Amino acid sequence: MSRIRVLVADDEPLMLAGIQAVLESAPDLEIVAVAGDGAAAVAAAERVAVDVALLDVRMPLLGGLDAMAALRAARPGAAIVLLTSFGDEANVLRALRQGTSGYVLKTCTPEELLRAVRAAHAGDAYLSPPVARQVIGLIGPSGAAGAQRRRAAGDRLAALSPREADVLRLVAEGLSNAGIGARLRMSEPSVKTYVSRVLTKLDCTNRVQAALLYRESADQ
């Protein structure tokens, strides 16, 4: 079985070395490039094939958030996982709306980091638990801007069929494909097909982005 090709970018040498050590301990992962800033990460992605890019949010020249679009242009199939030493609210929501496949705190365990990389490669998404709790409190902003965002989200969800809407609702509740299948009495492959259709119709990169859109459409 081919290994997951990972690019790592962090401007802190000690942190970079630690991340490399964790990834190298996993037999199913392969580090194909390392970089000290976002611009170097994008340049590396143009040279080598990358499945998952681990990017520090704050780096010189080009931070992880700003590097996402350029890296995706270089490697359209690459999943992006952002690393941060804090849970900055504006960055969390911006990252999710841009379709990041993960937002992981640097205080996470080695097992959590590996879980995030594997989830991203599988087409899923992973948020560190403190980030996930923070997101719940951030959705549904008040005022005119919040109302406009809810209307826009609702307009996008209107494209879904009733069954697709049911699947999305359960995705937003955090259920796995198996859990959704059990709830809706569907086979797991069928659920996977429906989730794929939902992501395509909503122009979402992953389940977390779709769940965020669903929650934004709900009345607060």
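The structure under discussion appears in the preceding block.
Computed from a predicted structure; not experimentally measured. (Residues numbered from 1 in each chain as written. Predicted model: local features only at pLDDT ≥ 70, side-chain atom pairs only at ≥ 80, totals over all residues. Heavy atoms only, no water.)

Caption draft 1: Helix 9 (residues 177–184), seen in detail. Within the sequence span of helix 9, burial applies to Asn 177, Ile 180, Gly 181 and Leu 184. Summarising the axial view, the buried residues of helix 9 lie within an arc of 100°, below the 170-degree limit, and thus occupy one face. The secondary structure elements touched by the buried residues of helix 9 are helix 8 (162–172), helix 10 (188–202) and helix 11 (207–217). Looking one or two residues past helix 9, Arg 185 carries a phi angle of roughly 55°, positive in sign. (Buried < 20%, exposed > 50% of the residue type's maximum accessible area, 1.4 Å probe, protein only. Helix = DSSP H or I, 4+ residues; strand = E, 2+ residues; numbered from the N terminus. Arc of directions from axis to C-beta. Contact = heavy atoms within 4.5 Å.)

Caption draft 2: View of the nonpolar core. Within the largest apolar cluster, 31 residues are counted, with the highest numbers of intra-cluster contacts made by Leu 7, Leu 55, Leu 71, Leu 82 and Tyr 103. Apart from residues lying up to four places away in sequence, Leu 7 is in contact with Val 32, Ala 33, Ala 41, Ala 44, Ala 45, Val 50, Val 52, Ala 53, Leu 54 and Leu 55. In this structure, Leu 23, Cys 108, Leu 113 and Tyr 126 belong to the second largest nonpolar core, which totals 23 residues. (Core = buried A, V, L, I, M, F, W, Y, C linked by side-chain atoms within 4.5 Å.)

Caption draft 3: Geometry of the environment of Leu 127. Here Leu 127 shows up in strand 6 (residues 126–127). Leu 127 gets classed as buried once you look at its relative accessible area, which sits at 17%. Between the alpha carbons of Leu 127 and Glu 112 there is a distance of 9.6 Å; along the sequence they are 15 residues apart.

Caption draft 4: Region of the structure containing the sheet that holds strand 4 (residues 79–84). Ordered in space as 2-1-3-4-5-6, the 6 strands form an open sheet in which the pairing is parallel. Edge positions in the sheet fall to strand 2 (29–35) and strand 6, since each has one partner strand and no second. Direction of pairing for strand 5 (residues 102–105) relative to strand 6: parallel, over a ladder of 2 bridges. Looking across to strand 6, one finds that Gly 102 is bridged to Tyr 126. Sheet strands touched by helix 5 (residues 110–121): strand 1 (4–9), strand 2, strand 3 (52–56), strand 4, strand 5 and strand 6. Its angle to strand 3, the strand with the most contacts, is close to 130°. (Pairing = 2+ DSSP bridges. Axes fitted to C-alpha atoms, helices over the stretch in contact; angles between N-to-C directions.)

Caption draft 5: The arrangement of unusual backbone geometry in detail. The phi torsion at Leu 61 lies on the positive side, around 70°, for a residue other than glycine. The residue Leu 61 is located in the loop between strand 3 and helix 3 (64–74) in this model. Its identity is not glycine, yet Arg 185 carries a phi of approximately 55°, on the positive side. Mapped onto the elements of the fold, Arg 185 is located in the loop between helix 9 and helix 10. We classify Arg 185 as exposed; its relative accessible area is 81%.

Caption draft 6: Region of interest: the pairing of strand 3. Burial within strand 3 is extensive, with 5 of its 5 residues counted as buried. Because side chains alternate across strand 3, one face comprises the buried residues Val 52, Leu 54 and Asp 56, and the other comprises Ala 53 and Leu 55, equally buried. Direction of pairing for strand 1 relative to strand 3: parallel, over a ladder of 4 bridges. Across the sheet, Val 6 pairs through a bridge with Val 52, a residue of strand 3. Note: strand 3 against strand 4, 5 bridges, orientation parallel. The residue bridging Leu 55 from the neighbouring strand is Leu 82, located in strand 4. Following the chain from strand 3 across helix 3 to the adjacent parallel strand 4, one finds a crossover that is right-handed. (Right-handed = clockwise from strand over helix to strand, strands pointing away.)

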